[in-house]
Amino acid sequence: MDDLNDLIADIQRFEAIISQWDESQRCVAVGLKSAIEALHKAALTNLIKSLKQDHISALRHAVDDEIIYAVLLYHNLVKPPLSEKIKVALAEIRPSLQSHNGDVELVAIKLPDTVEIKLLGSCSNCASSTLTLTQIVEQSIKKYCPEIVNIVAVNSVNNSPDNNTNDYVWVTAAKLEDLKENSILAVRVNNNLINNNSINNLILYKQGDLIICYRNACSHLGFPLDKGQVENGIITCVSHQFQYDLKTGKCLTVPDVSLKIYPVKVKHNRVYVQLVNYQ
């Protein structure tokens, strides 16, 4: 089966041809495209409703496929899970914490309204750590996730590249030396620890000591981002010029549309990415 890049290349090729047509011809093509998309969206909506009733695990598996994810994202049928929204919230404040030799880590989500986090570095033992938690971390999480009521700080968590839980696994993504300052690196992670043995297309971004990982997919139509231009910490998708802040993953073109972010750890000069382990 063709991969996502080949399918997108075909779409872009036809878009380029249609762009050369006169307006009346383009209107016919756009009308046909809209009608087909409406049909596909209705079919996908009904399919998702059916799967949600008795096969929610299969639906989650399916969304891990990059082609399925791109199509559902295009039709606005994928909503970022609570864990992703929380990670975006933490990524937004991480540069501020790191400027004071601190950091923050998501430990657990306890539905329906509680999140456990761990403050790292100077934030974990300084006198103002409680103030940092309430004034910075809590505000950011509640801004993105108003359903969260309780933010709880914990002292420790066994969550390292050497520890794989039932829910998440850490996978080697790259060598630290492969990452260049203020640049992105595209990686394909073959997660052999996950039963479905899925391929994850990711991008890594480095700025100083900050390393962030995102799904290599524009939130607009799911097109790959690794060919985009990076300038002043902002990446511009080459397909339709959507822009994202690489420190936070936030879309600067359309509000409330963020890149999918993954936790990152560095150990022994290797960069590890945490992925969901669907059993």
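Not measured: the values here are computed from a predicted model. (Residues numbered from 1 in each chain as written. Predicted model: local features only at pLDDT ≥ 70, side-chain atom pairs only at ≥ 80, totals over all residues. Heavy atoms only, no water.)

## Describing the packing of aromatic side chains
Going through the model one piece at a time under the given rule, you end up with zero aromatic pairs. Note that arginine 13 overlies the ring of phenylalanine 14, its terminal NZ or CZ placed 4.7 Å from the centroid. (Phe/Tyr/Trp six-rings, centres within 6.5 Å; stacked < 30°, edge-to-face > 60°. Lys NZ or Arg CZ within 6 Å of the ring centre and 35° of its normal.)

## Some points on the layout of surface pockets
Here the second largest pocket defines a volume of roughly 780 Å³. Every element with two or more residues in the lining of the second largest pocket is listed here: helix H1 (4–18), helix H2 (23–54) and helix H4 (66–74). Of the residues that constitute the lining of the second largest pocket, the class distribution is 16 nonpolar, three polar and three charged. (1 Å grid on protein atoms, 1.4 Å probe; cavity = no way out; pocket = protein on both sides within 12 Å on 5 of 7 lines; lining within 4 Å. Points joined across faces, edges and corners; volume = space filled by probe spheres on them. Helix = DSSP H or I, 4+ residues; strand = E, 2+ residues; numbered from the N terminus. Nonpolar A, V, L, I, M, F, W, Y, C, P; charged D, E, K, R; others polar.)

## Some remarks on empty space enclosed by the protein
Counted under the stated rule, the structure contains two cavities of 30 Å³ or more. Quantified by volume, the second largest cavity comes out at close to 30 Å³. In terms of lining, the second largest cavity is formed by Tyr69, Leu73, Arg215, Ala217, Ser219, Ser258, Leu259 and Lys260. Per-class residue counts for the lining of the second largest cavity are four nonpolar, two polar and two charged.

## Notes on the side chain of serine 140
Tracing the sequence through the fold places serine 140 in helix H6 (residues 129–144). By relative accessible area, which is 5% here, serine 140 ends up buried. Not counting residues within four places of it along the chain, the set of residues in contact with serine 140 comprises Ala89, Glu92 and Ile93. (Buried < 20%, exposed > 50% of the residue type's maximum accessible area, 1.4 Å probe, protein only. Contact = heavy atoms within 4.5 Å.)

## Here we look at the pattern of salt bridges
Summed over the entire model, instances satisfying the criterion amount to nine salt bridges. Across the pair lysine 265 and glutamate 105 runs a salt bridge whose closest N-O atoms are separated by 2.7 Å. Here the residue lysine 265 occupies a position in strand E12 (residues 264–267), and glutamate 105 occupies one in strand E1 (residues 102–110), the gap between them amounting to 160 residues. Residue lysine 110 is joined to glutamate 116 by a salt bridge in which the shortest nitrogen-to-oxygen separation is 2.9 Å. (Salt bridge = Lys/Arg side-chain N within 4 Å of Asp/Glu carboxyl O.)

## Regarding H4
When H4 is considered as a whole, its buried residues turn out to be Ile67, Tyr69, Ala70, Leu72 and Leu73. Each element contacted by the buried residues of H4 is listed here: H1, H2, helix H3 (56–63) and strand E7 (210–215). The positive-phi residue at the C-terminal boundary of H4 is asparagine 76, with phi of around 55 degrees.

## Considering unusual backbone geometry
Even without glycine at this site, histidine 268 takes up a positive phi of about 55 degrees. Topologically, histidine 268 is positioned in the loop between E12 and strand E13 (270–276). When its relative accessible area of 69% is taken as the criterion, histidine 268 is described as exposed. In this model, asparagine 269 sits at a positive phi of 65 degrees, which is unusual for a non-glycine residue. Tracing the backbone shows asparagine 269 in the loop between E12 and E13.

## What about a nonpolar patch on the surface?
Residues Phe14, Ile17 and Trp21 make up a contiguous nonpolar surface patch of about 290 Å² in total accessible area. On the secondary structure map, isoleucine 17 appears in helix H1. (Patch = residues over 30% accessible without salt bridge, like charges linked within 9 Å, V, L, I, M, F, W, Y side chains within 5 Å. Areas by Shrake-Rupley, 256 points an atom, 1.4 Å probe, with all protein chains shown as cover.)

## As for the pairing of E7
Among the six residues that make up E7, six are buried, leaving the element largely enclosed by the rest of the structure. Here E7 shows a buried face lined by Leu210, Ile212 and Tyr214 and a second buried face lined by Ile211, Cys213 and Arg215. Two elements, E7 and strand E11 (residues 261–262), share two bridges in a ladder whose sense is antiparallel. Counterpart to tyrosine 214 in the pairing with E11 is isoleucine 261. (Pairing = 2+ DSSP bridges.)

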